[in-house]
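Summary of the model geometry
Residue-level listing of the chains:
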Amino acid sequence: MTTLRLILGDQLNPRHSWFAEPDANVVHVMMEIRQETDYVRHHAQKILAIFAAMRDFAAQLKSQGHRVRYVAIDDASNRQSLIGNLDALIAHYRAAAVEYQAPDEWRLDRQLAEWAAGLPIPCRMADSEHFYTARGEAAAFFGARRQWRQETLYRHLRRQHGILMDDNGEPAGGRWNFDADNRQRWPGHPPEPDDARPEHDHSRLLQTIVDAEVDSFGQPQADALRWPLNRAEALAQLRAFVEHALPHFGAYQDAMSPRARRLFHSLLSFALNVKMLNPREAVDAAVTAWRRGDAPLAAVEGFARQLLGWREYVRGVYWARMPGYRDCNALDHRLPLPRWFWDGDTGMRCLAHAIGQSLEDAYAHHIQRLMVIGNFGLIAGLSPQALHEWYLGVYIDAFEWVELPNTLGMSQFADGGLLGSKPYAGSAAYIGRMGDYCAGCRYRPKQRVGADACPFNALYWDFFQRHRARLAANPRLALVYRQLDKLPEAERAAIAARAAALQANLDTL
Ligand code: FAD
Ligand code: SF4
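Residues numbered from 1 in each chain as written. Chains lettered and ligands numbered in written order. Predicted model: local features only at pLDDT ≥ 70, side-chain atom pairs only at ≥ 80, totals over all residues. Heavy atoms only, no water.

As annotated in an unreviewed UniProt entry, the protein chain carries the name Cryptochrome/photolyase family protein and is attributed to Chromobacterium piscinae.

1. Digging into the overall build of the protein chain
In terms of helices and strands, the protein chain carries 20 helices and seven strands. Taking 2.2 N^0.38 as the reference for a compact globule, 509 residues should give roughly 23 Å; the C-alpha atoms of the protein chain span a radius of gyration of 24 Å, in line with that estimate. By its C-alpha atoms, the protein chain is 80 × 55 × 45 Å across when sized along the principal axes. Taking contacts inside the protein chain between residues at least 6 apart in sequence as the whole, the part at least 24 apart equals 75%. (Helix = DSSP H or I, 4+ residues; strand = E, 2+ residues; numbered from the N terminus. Rg over C-alpha atoms; globule rule 2.2 N^0.38 Å. Contact = heavy atoms within 4.5 Å.)

2. Concerning helix α20 (residues 489-504)
Compared with the 22 Å implied by 1.5 Å per residue over 16 residues, the 23 Å span of α20 between its first and last C-alpha is a close match. Among the residues making up α20, those that are buried are Arg492, Ile495, Arg498, Ala499 and Leu502. Looking straight down α20, one finds that the buried residues subtend no more than 125° of arc, so they occupy a single side. Of the residues in α20, the exposed ones pointing more than 90 degrees away from the buried face are Glu489, Ala490 and Ala504. For α20, the secondary structure elements touched by its buried residues are α17 (455-466) and α19 (478-486). (Expected span 1.5 Å × (residues − 1). Buried < 20%, exposed > 50% of the residue type's maximum accessible area, 1.4 Å probe, protein only. Arc of directions from axis to C-beta.)

3. What about the side chain of Asn78?
Within the fold, Asn78 resides in the loop between β4 (67-71) and α3 (82-93). Since its relative accessible area comes to 9%, Asn78 is described here as buried. In this structure the side chain of Asn78 is engaged in a polar contact, spanning 2.8 Å, whose partner is the backbone oxygen of Glu32. A polar contact of 3.0 Å, which involves the side chain of Asn78, links it to the backbone oxygen of Ala72. For Asn78, the residues in contact, after removing those within four places along its chain, are Glu32, Ile33, Val71, Ala72, Ile73 and Asn85. (Polar contact = N/O pair within 3.5 Å; in protein donor to acceptor, adjacent residues only side chain to side chain.)

4. Points about the pairing of strand β2 (residues 26-31)
Most of β2 is tucked away, with six of its six residues classed as buried. Note that strand β1 (residues 3-6) and β2 share four bridges and pair parallel. Following the sheet pairing, Arg5 is matched in β2 by His28. Alignment of β2 against β4, held across five bridges, turns out to be parallel. Note that in β4 the partner of His28 across the bridge is Val68. (Pairing = 2+ DSSP bridges.)

5. Considering the packing of aromatic side chains
Overall, the coordinates contain 26 aromatic pairs when judged by the stated rule. Summarising the aromatic geometry, the rings of Trp390 and Tyr391 are spaced 5.3 Å apart at their centres and angled 85° between planes, so their arrangement reads as edge-to-face. In this structure, Trp390 and Tyr391 share a single accessibility class: buried. Summarising the aromatic geometry, the rings of Phe464 and Tyr481 are spaced 5.9 Å apart at their centres and angled 85° between planes, so their arrangement reads as edge-to-face. (Phe/Tyr/Trp six-rings, centres within 6.5 Å; stacked < 30°, edge-to-face > 60°.)

Here it is, written out as structure tokens:
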């Protein structure tokens, strides 16, 4: 009586209870399929890293005595679809039952649930044993509230899990939030820590993927792939982060610079999202460093907030609002992506660096994603759905449950303010304050109009002019509208004209 257990490519958690003991009656099924490589166009490193990590995981399970059926992308028997392969394997093994771990993507969740409903054999969905919260927990917590504030859920989870809490029920250090200490510009020192990630040669696997005619973009870097491909490597990377980068994580969390690719960010999102690493392990390691006196509270609180707060929160938004969330476009933005999203070849230095790095590394840190690329998309009026497909394809850590709310909600305000209390829009003044991109840029950061004026400036003011009816009543934008209204009529008209010209010629910037 064989049971098939499906392991998806982002379910590489060797500590899952499924793997406690080998069982001769259980066959673990893993598959590399065109259904998953092709639903959006992916960065080559993303396909390579996921397949390589899956292969490593399958080899480890086998070495521990588990039965594994691994369907490779070039296997003759591969039907290239989840259901096609599952149906064939049920017949092959004469399986009496099927089990799968809860998928994180709505698309796969629906596909498997609908398939399971028509199966003649029992099919059970198990918990993925990864997150702090259950899928519907955030929705139940927020109930009918119009705005869902990350901060509220975060404090609730801090209390519930006793993270950075004093015995008297107060937050450690007497404050919930150290954002005010955490907004520094990076002067070039302390130096960016060495990148301690492993280096793998997966040139042969890349050739297999290319031979299978899987379409991709970005630099594969197959002979020096820098992503952790198993739990041991992920743990080593966590240790290196805690020791070398965490102490400065808070201070430079919002900084950006063309001289740095990750600053003091952890680079752990891939390991976390494919579940080699549990978020509790990362949070606990940071808290332990603080207790030992190796990292300041502001840095550790800032890091815990990303995982316990933002990561769980966006997942809650995703499950509460799908499938409609994918189509939201509250500001009715419709422009296609400029061509330089695919090659980084733009005169705007901040965007050339952030997009160029994304194409080279399949990684950009949060502020590059939010305040450079996303900010430009928002104020220029690019289609949030086109941006969503780009973000989902380009980043090594991009899985829809986390990427979609970040792109549509946080970055593009496309949900009308469910996720963010105001749009994350910034002019050159913001980019200049938080980084040193502007010196050396062909555009002038202090000019609003004229051929050399930084495009962010006219687009920023025009964004608020264009969306006055929707945004002017927002108390958090009162200052912006006061400043806008102080501008002479002629200057407002010149800004509108410059913005329209920019929008009509985005490819040439
Ligand atoms: P660090 O800065 O070191 O943060 C530590 C961890 O906290 C991250 O690894 C991540 O797991 C978590 N985290 C931090 N910020 C967020 C956030 N806003 N939402 C959820 N988790 C967070 N993150 C993804 O994991 N996948 C995505 O596809 C993704 N798309 C994004 C798209 C946009 C437009 C924006 C603005 C952000 C996106 N993020 C995404 C969130 C964040 O930018 C990345 O998690 C982070 O840059 C990953 O790098 P890191 O591991 O060095 O993060
Ligand atoms: Fe970016 Fe404008 Fe600064 Fe150039 S001047 S780096 S385009 S913000």
